[in-house]
Structure formats: structure tokens, C-alpha cells
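# Coordinate inspection notes
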Amino acid sequence: MNKLAIVIPYYKIDFFEETLKSVAAQSNRNFTLYIGNDASPDDPKQIIDQYFDESSHHYFNYNNNLGSKNLALQWQRILENVKEDWFQILGDDDMLSENFVDEFYDSLDTLDRENINVLKFPIKIIDAKNQFIKQFSFSKPIINRKDFLISRIDHVSLSSLSENIFRTETYRKHKINQFPLAWHSDDCMIFDYAENDRILYSEKSYIFIRNSGLNISSLSNNSKEKSQATNAFYSYIISRYYHLFTSEQKKILLNCLKKHYYYTGKNATSNIIFTVSRDNIINGIRLIKYLF
């Protein structure tokens, strides 16, 4: 049985063929492909059939659109079908380098031996015409999850969903937080799933992340929802994990939170007070003290 599932939540057809081409071009074909059509107005079946025969993938043509409610619901709907030990969620406009699956299998011994639940790869950001914009990579083969989170909220590192492979068992344990637009849901998955604080990082492959102006990450008309999601994400981390951070990390974390909440204005505070107080009253009081 294959160890890896590649899961594509499909809705937009614009770059979907390039995504599928990159999956079909893998030097190692020991993976199972799952494609979930989130009631898209554009039928992808003809494109899929060009690259994969019926026996080599699972295609789910859903009648109800969950992505408009929350993308995490669409991700989870497909993931409930996954039987493999590991999975990747690949954006329908992102692409894999051809040795991606090979590098997963090369990393598998270390992942299992060290009981690591998250494997991450470098990213190369491209535009709608496949032109290179920028790239990002971490400098260590093992990333501490707290260092990762601090780097994210302090805008030092770049990260998105597609460049991660997760252990399926940890998904079943933690599921996926449904922040607005699923913004920061991937960061939360990384932090939740990396239970022993470690993320394995492989620099031998990479993922192309598309900044096309069409996807949620690159759109600018959804800033309110993104701010709400950021508030909810920060609330969640503080309420559950504040005690794990060092004193210096707590200072950085809280300073970043303060900047964000002052930036988004008073209305943003209600979410954090409610969410944090509900989950952990002590941390809620501590956070309010530091922020206000």
C-alpha cells in the first residue's frame, strides 16, 4: 500500500492542469491521488482523464460547495477518505517539483524513528505566468515548532499549506481549525500536529506556490476576514500553548499580538477575550493584561 496521499481540493480551473501535470510527472509514483470537486462551475474531469486513468486516483464530485463556508470543511471532507499514513493537501494552482514524492520516502525512516509528524519543504513563489517572484527556506533540518510559530507571526518566514506533509493519525486526533477563509488554519495544523515540538525540513525538493491574484492569499478584498482569522488563531495559540514558550518567546508573541490588535481596532478584541476566556481563563486574563 502507498504511504502517501496527495489531496487536491479543486475549485478553480485556471491553473489546475499545471498542478496535475506536476503530480503526473513525479519520478516516484507510489502515492494515491485524491481530488475533491467542491461544486465548481468548471468540470475538471476531462483534464484529470488526460493525466490519470480511473484506477490511479479517487475523484469526488460534490454537489454542495463547502469552500464558500470554510475551506477547512472542504479539506476535511476529502481527508475522511484517506487511508494512507501520510497526506499532503496540494492547492489546485500550486505545483510539485518532480522529486517531491521521492524525497518523502527518503525522509520516512527519520520521520518514523524520531516520531515526527510534519515534513516541510522549501517554497518558490511564482505568478500567473509561472515567473519566479521569490523563494524561502529554513536553515535547519529540524525546526522547533515554537520557533516556527514565532517566525510566522513576526513575518520572518513564509509558509503555506501545500509544502507540508502530515501524519494522518495526527489529523484524526486534531482535525483542522476552521478560522475564517481557513487563514492560518495551515499554521495551526503544523503547530498542533508537531506534538513533540519538531518539524522535519527537507531542502532536497520544493513546492511552487502560486501568487496569481486569484487565490485567497493574494486577494486584497478579504482583509476583514483575514484579520478575524488572525485574531482567532492568536487566541487559540495563547489559550492552549502559552505555557510552552520561553520568556523571550512570550515577549515576542505578545508584542506581535498587541501590534495586531491595535492595528485592527477595538472591535477585534471581542473575539480574543471570548475565545481565550472560554478555553483557559488564566491565559485569557494574562493576555488581556499584556494587551490592554
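Our subject is the structure listed above.
Described below are features of the structure shown in this document. Please read these numbers as outputs of a predicted model, since none were measured by experiment.

Here is what the cut-offs are and how they apply
The residue count restarts for each chain, going from 1 along the sequence in the order it is written. Two thresholds apply to this predicted model, a pLDDT of at least 70 for residue-level local features and 80 or more for giving and counting side-chain atom pairs, whereas whole-chain, interface and lining totals are computed over all residues. Calculation of side-chain values draws on the structure's entire complement of heavy atoms; hydrogens and water are dropped beforehand. By definition, any uninterrupted DSSP run of H or I lasting at least four residues is a helix, any uninterrupted run of E lasting at least two residues is a strand, and each is numbered from the N terminus. Each residue is placed in one exposure class: buried if its accessible area under a 1.4 Å probe, protein chains only, is under 20% of its type's maximum, exposed if it is over 50%, and partly exposed if it falls in between. Working rule for contacts: check all heavy atoms of both residues, and any pair within 4.5 Å makes them a contact. All accessible areas in this document rest on Shrake-Rupley with a 1.4 Å probe, and a residue is counted as covered only by the protein chains that are shown. Between any two strands, at least two bridges found by DSSP are needed for them to pair. Lines fitted to the C-alpha atoms define the axes, with helices restricted to the stretch that makes contact. Angles between their N-to-C directions range from 0 to 180 degrees. Any carboxyl oxygen of Asp or Glu within 4 Å of a side-chain nitrogen of Lys or Arg constitutes a salt bridge here. Here a Phe, Tyr or Trp ring, Trp counted by its six-membered ring, pairs with any other such ring whose centre lies within 6.5 Å, and the pair is stacked when the planes are under 30 degrees apart, edge-to-face when over 60, and tilted otherwise. In this analysis the charged atom, NZ for Lys or CZ for Arg, is taken to sit over a ring once it is within 6 Å of the ring centre and within 35 degrees of the ring normal. Here a cavity means grid points, on a 1 Å grid over the protein atoms only, where a 1.4 Å probe fits yet cannot get out; a pocket means an open set of points with protein on both sides within 12 Å along at least five of seven lines; lining residues are those with an atom within 4 Å of a point. Grid points are joined across faces, edges and corners, and a volume is the space filled by probe spheres set on the points. Any residue outside Ala, Val, Leu, Ile, Met, Phe, Trp, Tyr, Cys, Pro, Asp, Glu, Lys and Arg is labelled polar, Gly included; the first ten of those are nonpolar and the last four are charged. Oblique is the label for every angle not falling under 35 degrees (roughly parallel), over 145 degrees (roughly antiparallel), or within 65 to 115 degrees (roughly perpendicular). Handedness of a helix crossing follows the sense of rotation of the near helix relative to the far helix, less than a right angle counterclockwise being left-handed and clockwise being right-handed.

## Considering the overall build of the protein
Helix and strand counts for the protein stand at 11 helices and 12 strands. When burial is assessed residue by residue, the protein has 52% of its 292 residues classed as buried. Once local pairs closer than 6 in sequence are excluded, the contacts in the protein between residues at least 24 apart make up 79%. Split by element, the accessible area of the protein, about 13800 Å² in all, is 48% carbon and sulfur.

## As for the environment of Phe138
Looking at where Phe138 falls in the secondary structure, it is placed in the loop between strand S8 (132-136) and strand S9 (142-144). Phe138 sits in the buried class, given a relative accessible area of 12%. Distance from Phe138 to Ile123, taken between C-alpha atoms, is 10.0 Å for residues 15 residues apart in sequence.

## Brief notes about the sheet that holds strand S1 (residues 4-10)
The strand order across the open sheet built from eight strands is S3-S2-S1-S4-S10-S6-S11-S9, with neighbouring strands paired in mixed fashion. One side of each edge strand has no neighbouring strand; the edge strands of this open sheet are strand S3 (57-62) and S9. Recorded for the sheet is a direction-independent mean angle of 25 degrees between the axes of neighbouring strands. Seen against the sheet, helix H1 (residues 16-24) touches S1 and strand S2 (31-38) and runs at an angle of roughly 175 degrees to S1.

## Quick look at the pattern of salt bridges
For the structure shown, the criterion picks out 14 salt bridges. In the salt-bridge network here, residues are joined through shared partners; they are Lys45, Asp49 and Glu54.

## Remarks on the packing of aromatic side chains
Applying the stated criterion across every chain, the model contains 18 aromatic pairs. Ring centres of Phe87 and Tyr171 lie 5.9 Å apart, and the angle between their planes is 80 degrees; this geometry places the pair in the edge-to-face category. With Phe87 in strand S4 (residues 86-89) and Tyr171 in helix H6 (residues 168-174), this pair connects stretches of sequence that are 84 residues apart. Judged by relative accessible area, Tyr171 falls into the buried class, the value being 1%. With centroids separated by 5.4 Å and ring planes inclined at 85 degrees, the aromatic side chains of Phe138 and Tyr201 adopt a geometry described as edge-to-face. Highlighted residues: Phe138 in the loop between S8 and S9 and Tyr201 in strand S11 (residues 198-201), separated in sequence by 63 residues. The exposure class assigned to Tyr201 is buried, which follows from its relative accessible area of 6%. Through successive ring pairs, a cluster of aromatic residues spans Phe179, Phe191, Phe233, Tyr234, Tyr236, Tyr241 and Phe245. The aromatic ring of Phe191 is capped on one face by Arg145, whose charged end is 4.5 Å from the ring centroid.

## Looking at the layout of surface pockets
Within this model, the second largest pocket holds a volume of roughly 200 Å³. Phe136, Phe138, Ser139, Lys140, Ile142, Ile143, Asn144, Asp147, Phe148, Ser151, Val156 and Ser157 together form the lining of the second largest pocket. Among the elements of the structure, S9 and helix H5 (145-153) are those that each provide at least two residues to the lining of the second largest pocket. The class makeup of the residues in the lining of the second largest pocket is six nonpolar, four polar and two charged.

## Some details on unusual backbone geometry
Not every positive phi belongs to a glycine, and Ala39 is a case in point at roughly 55 degrees. Inspection of the secondary structure assignment puts Ala39 in the loop between S2 and helix H2 (45-51). For Ala182, which is not a glycine, the phi torsion comes out positive at approximately 60 degrees. When its relative accessible area of 7% is taken as the criterion, Ala182 is described as buried.

## Some words on the packing of helix H7 (residues 185-193) against helix H8 (residues 223-241)
The angle between the axes and the distance between the axes are what describe a pair of packed helices. One can describe the packing of H7 onto H8 by two numbers: an axis separation of 11 Å at closest approach and a directional angle of 15 degrees. With respect to each other, H7 and H8 are oriented roughly parallel. Between H7 and H8 lies a crossing of right-handed hand. When H7 is examined against H8, the residues Asp187, Cys188, Phe191 and Asp192 are found in contact with a partner set consisting of Phe233, Tyr236, Ile237 and Tyr241.

All quantities given are derived from atomic positions and should not be read as evidence of function.
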